[in-house]
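Observations on the model geometry
Single-letter residue listing:
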Amino acid sequence: MNKQYAAMLTLLVSAALAGCGSEGGGAPEGATTGSAASEKTYVFGVLAKAQWNPVFKAARAGAEQAAADIEAQNPGVTVDIDWRAPSEDDAQKQVEFVELLTSQGVDGIAISVSDATLLNGPLQTAVGSDVPVVTYDSDAPASGRFAYYGMDDAAAGTKVMEELAGQMGGEGIVAVLSGNPNSANLAARVEGVLEQAANYDGIEIRGVYNEPTEKAAEMAAKMQQVQASEPDITGWALVGGWPLYTENSLDGIYSNAKVVSIDALPLPLEYVRQGQAQVLIGQPYFGWGYESVMMLFEFAHNGQEPEQVLNYADFDVVTAENVEEFAGRWDEWLEGVAGGN
């Protein structure tokens, strides 16, 4: 009888232990996988810089596709994407989103950081509250995030200048257009442009022109203003495609200067078709959302981090020769989220 009792007690204790698991937002101590996993719902907050910016619509599509793929590959698992973006680039609004998601105990946060100086503290608090953080597009290395996904911004800036110098025949006067000077990713791109420009004896950098609002119309107006006051400018290095998000922004510019820009979005592609912009450097827009959610899931569900903290994706070089191929990707990325907020 004692042996039978002991055996029964052992089974009961084992069953009780098997039923215990981590319900917090961080990595579980004894994560289960495969068919043995019980039903579980994960909520991942995905934060963008600005609702209006088309690049983040592709990121949202990627996040939602990742959720669908995770559910298909893991029976019993549900993934909800809590998508949040201020109407315009607003770091303080991102702070509020992070604080809210942290208080709700979500299972992870993916964020394109508008201003690391403002976001480091709230993100550190999130991590300290067992809410793991991944950054994408724009990093915050001191935030406590366990991974970053995006392109190597300095390398992308280098590529912009390399392509522009090729279009200019290695000589001429270049203006650099950037946005918010507090954005780490933009600063890295500008640095890449300037360092590469120093390799060409015939290239002169006239200046770096910032427009912190990053609104398409205002960025276009900045270019027009600079070109009018500096008519000898023969090349523009755009570390973001903002002015190309609106029509006719290169009037009075494209006839005098070559234009190479980061961001191969639908409207910028039209400028390539028309010959007004020569080269676009495309970012992993869809992957921002897709890979970030995948990394959060692996961390929350299986306790696994990527092999490296910095996960760089290749960037695309779009010219008149392959512009139609790249346009087809946008049709797929934006299907179903074209009107999403």
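Report follows, based on the coordinates. (Residues numbered from 1 in each chain as written. Predicted model: local features only at pLDDT ≥ 70, side-chain atom pairs only at ≥ 80, totals over all residues. Heavy atoms only, no water.)

**Notes on the nonpolar core**
By size, the foremost hydrophobic cluster in this structure holds 84 residues, and its most contacted members are Tyr 136, Trp 236, Leu 269 and Tyr 285. Ignoring any residue separated from it by four or fewer positions in sequence, one finds Trp 236 in contact with Leu 164, Ala 175, Leu 177, Met 223, Val 226, Gln 227, Ile 253, Ala 257, Lys 258, Val 259 and Val 260. Membership of the second largest hydrophobic core comes to 17 residues, among which are Phe 97, Val 106, Val 113 and Val 131. (Core = buried A, V, L, I, M, F, W, Y, C linked by side-chain atoms within 4.5 Å. Buried < 20%, exposed > 50% of the residue type's maximum accessible area, 1.4 Å probe, protein only. Contact = heavy atoms within 4.5 Å.)

**With respect to a nonpolar patch on the surface**
There is a patch of nonpolar side chains on the surface, built from Val 309, Leu 310 and Tyr 312 and spanning about 250 Å² of accessible area. Note on placement: Tyr 312 falls in strand β11 (residues 310–312). For Tyr 312, a relative accessible area of 43% gives the class partly exposed. (Patch = residues over 30% accessible without salt bridge, like charges linked within 9 Å, V, L, I, M, F, W, Y side chains within 5 Å. Areas by Shrake-Rupley, 256 points an atom, 1.4 Å probe, with all protein chains shown as cover. Salt bridge = Lys/Arg side-chain N within 4 Å of Asp/Glu carboxyl O. Helix = DSSP H or I, 4+ residues; strand = E, 2+ residues; numbered from the N terminus.)

**Focus: helix α4 (residues 116–128)**
Taking 1.5 Å of rise per residue, 13 residues should cover 18 Å, and α4 covers 17 Å from first to last C-alpha, within 8% of that figure. Among the residues of α4, Ala 116, Leu 119, Asn 120, Pro 122, Leu 123 and Ala 126 are the ones counted as buried. Taken together, the buried residues of α4 touch α3 (91–104), β3 (108–111) and β4 (133–136). Of the residues that open α4, the one with a side-chain oxygen 3.0 Å from the backbone nitrogen of Thr 117 is Asp 115. (Expected span 1.5 Å × (residues − 1). Polar contact = N/O pair within 3.5 Å; in protein donor to acceptor, adjacent residues only side chain to side chain.)

**Brief notes about the packing of helix α8 (residues 266–273) against helix α10 (residues 323–333)**
For the pair α8 and α10, interaxial distance at closest approach is 10 Å and the crossing angle is 165°. One finds that α8 runs roughly antiparallel with respect to α10. In this structure, α8 crosses over α10, and the sense of that crossing is left-handed. The residues of α10 that touch α8, namely those facing Pro 266, Leu 269, Val 272 and Arg 273, are Val 323, Glu 324, Phe 326, Ala 327 and Trp 330. (Axes fitted to C-alpha atoms, helices over the stretch in contact; angles between N-to-C directions. Parallel < 35°, antiparallel > 145°, perpendicular 65-115°, else oblique. Left-handed = near helix turned anticlockwise from the far one by under 90°.)

**A look at the side chain of Asp 153**
Within the element layout of this structure, Asp 153 appears in helix α5 (residues 153–167). Taking the relative accessible area as the measure of exposure, Asp 153 reaches 9% and is therefore buried. Here the side chain of Asp 153 touches Arg 189 through a polar contact of 2.8 Å, side chain to side chain. Setting aside residues no more than four positions away along its own chain, Asp 153 makes contact with Asp 137, Tyr 148, Asn 185, Ala 188 and Arg 189.

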